[in-house]
Amino acid sequence: IQPDVPPVNVPALLKITGLDAISALGFSSVATADGFRNKTYVHTPKGRRGLLRLMGGESKPFEVVALAPAGSDLVIEQDLNLKTLYESVLEAAGLAMGEQGKAMVQMALKQPMPPPITFTMEKVMADLDTKLTVIIDADPTKMIQLPDAPKGLKIPQLKGAVLLEGLGWVADELTKVLEPMLAQGGNHAPPFKIVRNANWVGMQMAIENQGISEREKKEISELGLETALLAHHVPSGKLVLASGKEFADKLFAPKPGLGQDPAFQKTMKGLPMEGTSLTYASPAFFSSLRQSFEKLNELANDKEHEQDDRFIATTFINFLLPKNVRGEGSVTTNTKDGT
């Protein structure tokens, strides 16, 4: 394409990505009493290579069914072997620019990150074989107005958390950076306080600090984020970003878990409870989504001349999110012959 761009060895790149390891694909969709059972199979009889290893290795029991409280509305657990991505980038750099290209990528990772952060990307990469977990619980009894959203468009208040396995030390490092800034005080101090106990090391939202306007305090409180937390859960080693300290504590406390939730059990019936990935969206999640889209359509197309637009939008809503919409769940598992 350009004279100064070296030619690309496409077959070699395919080998680096691992896509050449796929020898067959299979798809099926079968109607059941409660919906449809869809399956996709990727056949790799000689093993997964390259980026095919990105989304996890051996299948393991899902941890999120105990972490997430019963009634949670959107749940994701995903194994991530992100070192594979680095290895593929390194190999691609070597393919394009030889050993010099590999050295450039390796050197970039050794550079310190922008101040005041003290660790390097190389330290992060060492722990990048991780597991991502997302848990969101909507409370339809508490409807909130989003800032800057059309007036009248409300959504359920959300409690939630994002967890990364093995990366809790990142919160330790960020806390060390934050502590001197908070010690200085004044109007420019960040709106956080330090949390440090047997279970948690990190930072928590503190809207009582100076420098936050009354409007911002009100919006943060209405969103339920006045105790938002970024912290290292010391017993598990996880990095946790949560909407509130109470919700974060609840994840690791004894409780009825998602695995005991009748809606979850019905949606996931027949699916294995071990693998490399699990995704679940409750019926309540989809019905709340439908209500929000309906309200948005009503507010956006409320003029007489917009009736056609409103009808088209309603048609799409009914097609994608019918009134009797069920929950959805999916599981990914690896075997010796494929995924």
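**Comments concerning the overall build of the protein**
Along its length, the protein carries 10 helices and 13 strands. Across its three principal directions, the C-alpha atoms of the protein cover 60 × 60 × 50 Å. The buried share of the protein, taken over its 339 residues, is 34%. Summarising the internal contacts of the protein: among those between residues at least 6 apart in sequence, 67% fall at separations of at least 24. Accessible surface for the protein amounts to roughly 19900 Å². Of this, 60% is attributable to carbon and sulfur atoms. In the protein, which carries 36 positive and 40 negative side-chain charges, the distance between the mean positions of the two groups comes to 4 Å.

**Observations regarding the nonpolar core**
Within soluble globular proteins, side chains that are nonpolar tend to cluster in buried spots. Core analysis: the biggest nonpolar cluster contains 22 residues, and V75, I135, L163, W200, L251, L278 and Y280 have the highest contact counts within it. If you list the elements that add at least two residues to this core, you get α2 (64–67), β6 (154–164), β9 (229–233), β10 (238–242), α7 (245–251) and β12 (277–281). Residue contributions to this core peak at three residues, all from α7. Residues V124, L128, L167 and L239 belong to the second largest nonpolar core, which totals eight residues.

**Brief notes about a nonpolar patch on the surface**
A cluster of nonpolar side chains, V8, V10, L13, L14, L19 and L95, forms an exposed patch at the surface whose accessible area comes to about 490 Å². If one sorts the elements of the nonpolar patch by residue count, helix α1 (residues 10–17) sits on top with three residues. Structurally, the position occupied by L19 is in the loop between α1 and β1 (24–32). For L19, a relative accessible area of 46% gives the class partly exposed.

**Some remarks on the pairing of β6**
Side-chain direction in a regular strand flips from residue to residue, so the side chains alternate between the two faces of the sheet. In this structure, strand β5 (residues 129–145) lies alongside β6, joined through 11 bridges in antiparallel fashion. Paired with Q145 across the bridge in β6 is K154. Pairing of β6 with β10 involves four bridges; the strand directions are antiparallel. Opposite A161, over in β10, you have A242 as the bridge partner.

**Side note on the sheet that holds β12**
If you walk across this open sheet you meet the nine strands as β7-β8-β9-β10-β6-β5-β4-β12-β13, and the pairing is antiparallel. The strands lining the two open edges of the sheet, one partner per strand, are β7 (192–196) and β13 (328–332). Taken pair by pair, the neighbouring strands of this sheet meet at an average axis angle of 15°, ignoring direction.

**Here's the deal with the environment of V134**
For V134, the position within the fold is in strand β5. The class for V134 is buried, based on a relative accessible area of 15%. Separated by 44 residues in sequence, V134 and L178 place their C-alpha atoms 26 Å apart. If near-sequence neighbours (up to four positions away) are discounted, V134 is found in contact with L74, V75, I76, A161 and V162.

**A short note on the packing of helix α9 (residues 283–300) against helix α10 (residues 307–320)**
α10 packs onto α9 with a crossing angle of 175° between their chain directions and a minimal axis gap of 10 Å. The orientation of α9 with respect to α10, classified from their angle, is roughly antiparallel. Along its contact with α9, which presents R290, F293, E294, N297 and E298, the element α10 presents D309, R310, A313, T314, I317 and N318. Of the residues contributing to the contact of α9 with α10, the split by class is three nonpolar, three polar and five charged.

Thresholds, definitions, all that
Residues numbered from 1 in each chain as written. Predicted model: local features only at pLDDT ≥ 70, side-chain atom pairs only at ≥ 80, totals over all residues. Heavy atoms only, no water. Helix = DSSP H or I, 4+ residues; strand = E, 2+ residues; numbered from the N terminus. Buried < 20%, exposed > 50% of the residue type's maximum accessible area, 1.4 Å probe, protein only. Contact = heavy atoms within 4.5 Å. Areas by Shrake-Rupley, 256 points an atom, 1.4 Å probe, with all protein chains shown as cover. Lys, Arg positive; Asp, Glu negative; His and termini not counted. Charge placed at Lys NZ, Arg CZ, Asp CG, Glu CD. Core = buried A, V, L, I, M, F, W, Y, C linked by side-chain atoms within 4.5 Å. Patch = residues over 30% accessible without salt bridge, like charges linked within 9 Å, V, L, I, M, F, W, Y side chains within 5 Å. Salt bridge = Lys/Arg side-chain N within 4 Å of Asp/Glu carboxyl O. Pairing = 2+ DSSP bridges. Axes fitted to C-alpha atoms, helices over the stretch in contact; angles between N-to-C directions. Parallel < 35°, antiparallel > 145°, perpendicular 65-115°, else oblique. Nonpolar A, V, L, I, M, F, W, Y, C, P; charged D, E, K, R; others polar.

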